[in-house]
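Coordinates in review
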Amino acid sequence: MSFILNPIDTVENISPEDFKKNYLDPRRPLVIKGLTKTWPAREKWTPEYLKEVVGKKVVPLYDNSKADPSKPINSSATEMPFDEYMDLIRSQPTELRIFFFNIFKQAPQLLNDIVLPKDLMGGFLESMPGMFFGGSNSVTFLHYDIDLPHIFHTHFGGRKHVILFENKWKRRLYCIPNATYALEDYDVLNPDTKKFPALDGVEGTDVHLEHGDTLFMPTGYWHWMKYIDGSYSLSLRAWDASLTRKAASLYNLAVKGGVDSVLKMVFKEKYAKFREELAVKWANKELAAGKPY
């Protein structure tokens, strides 16, 4: 055995009542294929158009390599002018990707091409839309978002493979202590359950996104992503209505963001090794106890 991955619920459109009852309140993921059909961005945001409006803005790029324990999380591997990067991902496979790029600061007119799905829920962080770009073969490591938002993740220009897990499985996924990401030593697509036995039987959701599809990821959901084609995505983020969830978000930002980064910078490899050993210990303990129930 390995992961137990189930297909995601998929709809063309959904009413606010159905969305709230069946997905928002129970925190279940969903693909909405028709959410963007009225968006100008669906047809307008071609690679050539994005190159035109962003131009030669130099952007940091990330690859699939394991994080350097001496550096803060999300340290870049290299950088490149945006237009050259877009040519790269369209012409050949590459691991290089752009992480959480606020393209709207560079080209604010792009905001006119999208519509926040406020009919489905409130709480959108209108100042924090972000875009993600990747070449075929680029992978986003398994993690959950530190500020615990609900996310509407719309894909453009190709295909993307996403695997999701509820947060209740985090210790079985070898979650790194004081962090929001998993041990990077196993292949999410083909995990070695002999070496990492706690992964065996973990339940998740398998998702394949195409151009224009929108994935609703509830707060706290773990996600791993692989770009099948050179393509890009837009994430719209919204607060959960729960005050408890908002408090957990602030705690994560303070402790799992700020404090963890300081410890990494001070203790480097020793701290990284300690955390990885503790992640394995916690995973084995969770497995032995038969958790989560």
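A quick note: this is a predicted structure, and the numbers were derived from the prediction, not measured.

**Topic: the overall build of the chain**
Along its length, the chain carries six helices and 14 strands. A compact globule built from 293 residues should have a C-alpha radius of gyration of about 19 Å, and the chain, at 19 Å, falls within 12% of that. In terms of overall dimensions, the chain has C-alpha extents of about 50 × 45 × 35 Å along its principal axes. A burial count over the chain gives 49% of its 293 residues as buried. Taking the contacts inside the chain whose residues are at least 6 apart along the sequence as the reference set, 82% of them involve residues at least 24 apart. Of the roughly 13,700 Å² of accessible surface on the chain, a fraction of 54% belongs to carbon and sulfur atoms.

**Looking at the environment of Gln109**
Take Gln109: it is sitting in the loop between α5 (103-106) and β7 (130-134). You can call Gln109 partly exposed: its relative accessible area is 36%. Residues Gln109 and Val53, 56 residues apart in the sequence, show an inter-C-alpha distance of 8.9 Å.

**Focus on the sheet that holds strand β10 (residues 160-165)**
Strand order in this open sheet of five strands is β1-β11-β10-β13-β8, and the pairing throughout is mixed. At either end of the open sheet lies a strand with only one pairing partner, and these are β1 (4-7) and β8 (139-143). Each adjacent strand pair in this sheet contributes to an overall mean axis angle of 20°, direction not counted.

**Let's talk about the pattern of salt bridges**
What the rule picks out here adds up to 16 salt bridges. A salt bridge links Glu48 to Arg90; the shortest N-O distance between them is 2.7 Å. Here the residue Glu48 occupies a position in helix α3 (residues 47-54), and Arg90 occupies one in helix α4 (residues 82-91), the gap between them amounting to 42 residues. Residue class for Glu48 comes out partly exposed when judged on its relative accessible area of 43%. When salt bridges that share partners are traced, they join Glu48, Lys51, Asp87 and Arg90 into one network.

**So, the UniProt feature "domain: JmjC" (unreviewed entry) in the chain**
Cross-referencing UniProt, the feature "domain: JmjC" (unreviewed entry) maps to residues 105-253 in the present numbering. Taken as a whole, residues 105-253 contains 9% helix and 32% strand, while its terminal C-alpha atoms sit 23 Å from one another.

**Observations regarding the sheet that holds strand β14 (residues 231-238)**
Taken in spatial order, the seven strands line up as β2-β3-β12-β9-β14-β7-β6 in an open sheet, and their pairing is mixed. Whereas interior strands pair on both sides, the edge strands pair on one side only; in this sheet they are β2 (10-11) and β6 (97-101). As paired strands, β2 and strand β3 (residues 30-32) are joined by two bridges and run parallel to one another. Note on β3: the bridge partner recorded for Thr10 is Val31. The sheet contacts of helix α1 (residues 16-24) involve β3, β9 (150-156) and β12 (214-217), and relative to β12 the element is tilted by about 55°. Of the strands in this sheet, β6, β7 and β14 touch α4, which is tilted by about 50° from β7.

**Examining the nonpolar core**
Counting residues in each nonpolar core, the largest one holds 42 residues, and the members touching the most others are Trp45, Leu50 and Phe133. The residues touching Phe133, leaving out its near neighbours within four places in the chain, are Leu50, Phe82, Tyr85, Met86, Arg97, Ile98, Phe101, Ile103, Tyr227, Ser231 and Tyr232. The next biggest cluster of nonpolar side chains, apart from the first, holds 26 residues, and it includes Tyr144, Trp169, Cys175 and Val202.

**Concerning a nonpolar patch on the surface**
Side chains of Val262, Val266 and Phe267 sit close together on the surface and give an oily, nonpolar patch of about 290 Å² of accessible area. Mapping Val266 onto the fold places it in helix α6 (residues 243-288). A relative accessible area of 53% places Val266 in the exposed class.

**A few points about α4**
Along α4, the positions that sit buried rather than exposed are Phe82, Asp83, Tyr85, Met86, Leu88 and Ile89. In the core, the buried residues of α4 are packed alongside α3, β4 (58-61), β5 (78-81), β6, β7 and β14.

**Regarding the environment of Asp113**
Relative to the helices and strands, Asp113 is located in the loop between α5 and β7. Asp113 sits 69 residues away from Lys44 along the chain, and the two C-alpha atoms are 8.0 Å apart. In this view, Asp113 contacts Trp39, Pro40, Ala41, Lys44, Trp45 and Tyr49; residues no more than four positions away in its chain are not counted.

**Things to note about the packing of α3 against α4**
Where α3 contacts α4, the two axes come as close as 9 Å, and the packing angle between them is 165°. Of the possible angle classes, the one that applies to α3 and α4 is roughly antiparallel. Like other packed secondary-structure pairs, α3 and α4 cross with a definite hand, here right-handed. In this structure, α3 uses Pro47, Glu48, Leu50, Lys51 and Val54 to contact α4, whose residues at the interface are Phe82, Asp83, Met86, Asp87 and Arg90.

Conventions and cut-offs
- The numbering scheme is per chain: residues are counted from 1 as the chain's sequence reads.
- Given that this is a predicted model, residues contribute local features only at a pLDDT of at least 70 and side-chain atom pairs are listed and counted only at 80 or more, while totals for whole chains, interfaces and linings are drawn from all residues.
- Note that the side-chain values use all heavy atoms of the structure and ignore hydrogens as well as water.
- Each helix corresponds to a stretch of at least 4 residues labelled H or I by DSSP, and each strand to a stretch of at least 2 residues labelled E; elements are numbered beginning at the N terminus.
- C-alpha atoms define the radius of gyration in this analysis, and the globule rule sets the expected value at 2.2 Å times the number of residues to the power 0.38.
- For every residue, the accessible area obtained with a 1.4 Å probe (protein chains only) is divided by the maximum for its type, and the residue is called buried under 20%, exposed over 50%, and partly exposed between those limits.
- Contacts: residue pairs with any heavy atoms within 4.5 Å of one another.
- We get accessible surface area from the Shrake-Rupley algorithm with a probe of 1.4 Å; when it comes to residues, only the shown protein chains can shield them.
- At least two bridges found by DSSP between two strands is the condition for calling them paired.
- Every axis corresponds to a line fitted to the C-alpha atoms, with the helix fit spanning only the stretch in contact, and the corresponding angles, defined between N-to-C directions, vary from 0 to 180 degrees.
- Note on definitions: salt bridges are taken to be side-chain nitrogens of Lys or Arg within 4 Å of carboxyl oxygens of Asp or Glu.
- UniProt positions are given in the numbering used here, feature names are shortened, and annotations may be inferred rather than shown by experiment.
- Buried Ala, Val, Leu, Ile, Met, Phe, Trp, Tyr and Cys residues form a nonpolar core when they are joined through side-chain atoms within 4.5 Å.
- Exposure above 30% relative accessible area and the absence of a salt bridge qualify a residue for a patch, where like charges join within 9 Å and nonpolar side chains (Val, Leu, Ile, Met, Phe, Trp, Tyr) within 5 Å.
- These descriptions rest on fixed angle ranges, namely under 35 degrees for roughly parallel, over 145 for roughly antiparallel, 65 to 115 for roughly perpendicular, and the rest for oblique.
- The crossing is said to be left-handed when, going from far helix to near helix, the turn is anticlockwise and less than a right angle, and right-handed when the turn is clockwise.

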